[in-house]
Amino acid sequence: MARLKVAVLISGRGSNMGALIDACAVPDFPAEIVLVVSNRADAAGLETAKAAGVPTALIGHRDDPDRASFEAALNAALDAAGVELVCLAGFMRLLTADFVRRWHDRLINIHPSLLPAFKGLHTHEQVLSAGVRITGCTVHFVRAEMDDGPIIVQAAVPVLPDDDAERLAARVLRVEHQCYPLALRLIAEGRVRVENERVILDASGDGLASLVNPAAGIRAAK
Ligand code: GRF
């Protein structure tokens, strides 16, 4: 069966991109990363992608000062690579409603909280100042509003009493690295469909329980 052709858009470290590349390297994984795009030349993830032999493109917004020309260049690169699904992974540039519409239900993002709680930047600081006991991460289809859209996969992670934003971010990140490849696999296997702005998931036989158990986050933290 043909593998789903995927692009990953990054702006920085690219650890989620790395998790997606690793997942796709496993024989029989139903997707392949055909392109990694960064909008920043100094994104560390570009080197990770190159080392893994994945084609990269730098589409910098200094060269394309207005959004329309930036997104035209981005769309041209995605189309040239035959991309069928776009994964945002720490991509720090806002995309226009036009771009989001063009990739409707073919554009996904990972956010380090249990959406719809704690949208936006400084997520872990928001979580700590709210005093919630459980946080997590969310993979969702992208809509024009930031951190909005049908939810594909979520996992819960405990907030521990001595957490600071850095410790909490690290614990959540380990779970992100499980959730993003899982969401990609579910989509690539055709087990995700959107109906009335909710995801209907065919998750039969998938061991999802371990991912939504907060204890998984405690174990991962050790
Ligand atoms: C992750 O926490 C992701 O949820 C958020 O930005 C961070 C990116 O980290 N959107 P990385 O570049 O994947 O390491």
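Anything mentioned here points back to the structure above.
### What about the pairing of strand E6 (residues 134–141)?
Among the eight residues of E6, seven are classified as buried, and the element is accordingly described as predominantly covered. Judged from the seven bridges that link them, E6 and strand E7 (residues 151–158) form a sheet pairing that is antiparallel. Within E7, the position partnered with threonine 138 by the bridge is glutamine 154.

### Considering helix H6 (residues 165–188)
Here H6 is 24 residues long and its end C-alpha atoms lie 33 Å apart, about the 34 Å a rise of 1.5 Å per residue gives. One or two positions beyond H6, positive phi appears at glycine 190, with a value near 75 degrees.

### Brief notes about unusual backbone geometry
Cis peptide bonds are those with omega within 30 degrees of zero, and the linkage from leucine 115 to proline 116 qualifies with 10 degrees. If you trace the backbone, proline 116 turns up in the loop between strand E5 (107–111) and helix H5 (123–130). Look at phenylalanine 118: it is not a glycine, yet its phi comes out positive at around 60 degrees. Despite not being glycine, aspartate 147 shows a phi value in the positive range, around 55 degrees. Assignment of secondary structure puts aspartate 147 in the loop between E6 and E7.

### Observations concerning the nonpolar core
Val6, Val8, Ile33, Ile108, Val139, Ile152 and Leu184 are the most contacted members of the largest nonpolar core, which totals 45 residues. Counting the residues that make up this core, at least three belong to each of domain 1 (1–103) and domain 2 (110–222). In this structure valine 6 touches Ala31, Glu32, Ile33, Val34, Leu35, Val83, Leu85, Cys87 and Leu184, once residues within four positions along its chain are discounted.

### Observations concerning the environment of valine 142
Tracing the backbone shows valine 142 in the loop between E6 and E7. Judged by its relative accessible area of 9%, valine 142 falls in the buried class. Between the C-alpha atoms of valine 142 and valine 86, which are 56 residues apart in sequence, the distance is 9.9 Å. For valine 142, the contacting residues outside a window of four places in its chain are Leu88, Val100, Leu107, Ile108, Asn109 and Asp148.

### Observations regarding the sheet that holds strand E1 (residues 4–10)
Spatially, seven strands are ordered E3-E2-E1-E4-E5-E6-E7 in an open sheet, and the strand pairing comes out mixed. Edge positions in the sheet fall to strand E3 (56–58) and E7, since each has one partner strand and no second. The sheet shows a mean angle of 20 degrees between the axes of neighbouring strands, taken without regard to direction. Of the strands in this sheet, E1, strand E2 (31–38) and E3 are in contact with helix H2 (residues 44–51), which crosses E3 at around 155 degrees. Where H6 meets the sheet, it contacts E1, E2, strand E4 (85–88), E5, E6 and E7, and its direction lies at approximately 155 degrees from that of E7.

### Structural notes on the site of the ligand
Lining the immediate surroundings of the ligand are Arg13, Gly14, Ser15, Asn16, Gly90, Ile110, His111, Pro112 and Glu176. In this structure, an oxygen atom belonging to the ligand sits 2.8 Å away from a main-chain N or O atom of asparagine 16. Contact between the ligand and glutamate 176: an oxygen atom at 2.6 Å from a side-chain N or O atom of the residue. Its free accessible area being 370 Å², the ligand has 84% of it covered by the protein chains. Contributions of two or more residues to the shell around the ligand are made by helix H1 (15–25) and E5. Residues that form the shell around the ligand fall into these classes: two nonpolar, five polar and two charged. Residue contributions to the shell around the ligand reach at least three from each of two domains, namely domain 1 (1–103) and domain 2 (110–222).

### Overview of the packing of H1 against H6
One way to put it is that H1 packs onto H6 with a least axis distance of 9 Å and a crossing angle of 45 degrees. The orientation of H1 with respect to H6, classified from their angle, is oblique. Relative to H6, H1 is oriented so that their crossing is right-handed. Contacts from Ser15, Asn16, Ala19, Leu20, Ala23 and Cys24 in H1 reach Leu173, Glu176, His177, Tyr180, Pro181 and Leu184 in H6. Considered class by class, the residues forming the contact of H1 with H6 number eight nonpolar, three polar and one charged.

Thresholds applied
- Sequence order sets the numbering: in each chain, residues are counted from 1 along the sequence as written.
- It should be noted that, the model being predicted, local features are given only for residues of pLDDT at least 70 and side-chain atom pairs only at 80 or more, the latter also being counted only at that level, while totals for whole chains, interfaces and linings use all residues.
- Hydrogens and water are ignored here; the side-chain numbers use all heavy atoms of the structure.
- Throughout this description, buried means an accessible area under 20% of the type-specific maximum (1.4 Å probe, protein chains only), exposed means over 50%, and partly exposed covers the range between.
- Strands are runs of DSSP state E lasting at least 2 residues, helices are runs of H or I lasting at least 4, and numbering of each runs from the N terminus.
- A pair of strands is labelled paired if DSSP reports no fewer than 2 bridges between them.
- Every helix has an expected span of 1.5 Å times one less than the residues it contains.
- Throughout, nonpolar core names a set of buried Ala, Val, Leu, Ile, Met, Phe, Trp, Tyr and Cys residues whose side chains join them through atoms within 4.5 Å.
- Per the annotation, domain bounds derive from an automatic or database assignment of domains.
- Note on contacts: a residue pair is in contact if any heavy atoms of the two residues lie within 4.5 Å.
- Here an angle of 0 to 180 degrees is reported between the N-to-C directions of two axes, which are lines fitted to C-alpha atoms, with helices fitted over the stretch in contact.
- To be near a molecule or strand, a residue needs just one of its heavy atoms within 4 Å of it.
- The term polar contact refers here to a pair of N or O atoms within 3.5 Å; inside protein, the definition further demands a hydrogen-donor-capable atom paired with an acceptor-capable atom, and it admits residues adjacent in sequence only when both atoms are side-chain atoms.
- Working definition of accessibility: Shrake-Rupley area with a 1.4 Å probe, residue cover restricted to the visible protein chains.
- Gly falls in the polar group here, along with every residue not listed as nonpolar (Ala, Val, Leu, Ile, Met, Phe, Trp, Tyr, Cys, Pro) or charged (Asp, Glu, Lys, Arg).
- If an angle is under 35 degrees, it is roughly parallel; if it is over 145, roughly antiparallel; if it lies from 65 to 115, roughly perpendicular; otherwise it is oblique.
- By definition, any crossing whose near helix is turned counterclockwise from its far helix by less than a right angle is left-handed, and any crossing with a clockwise turn is right-handed.

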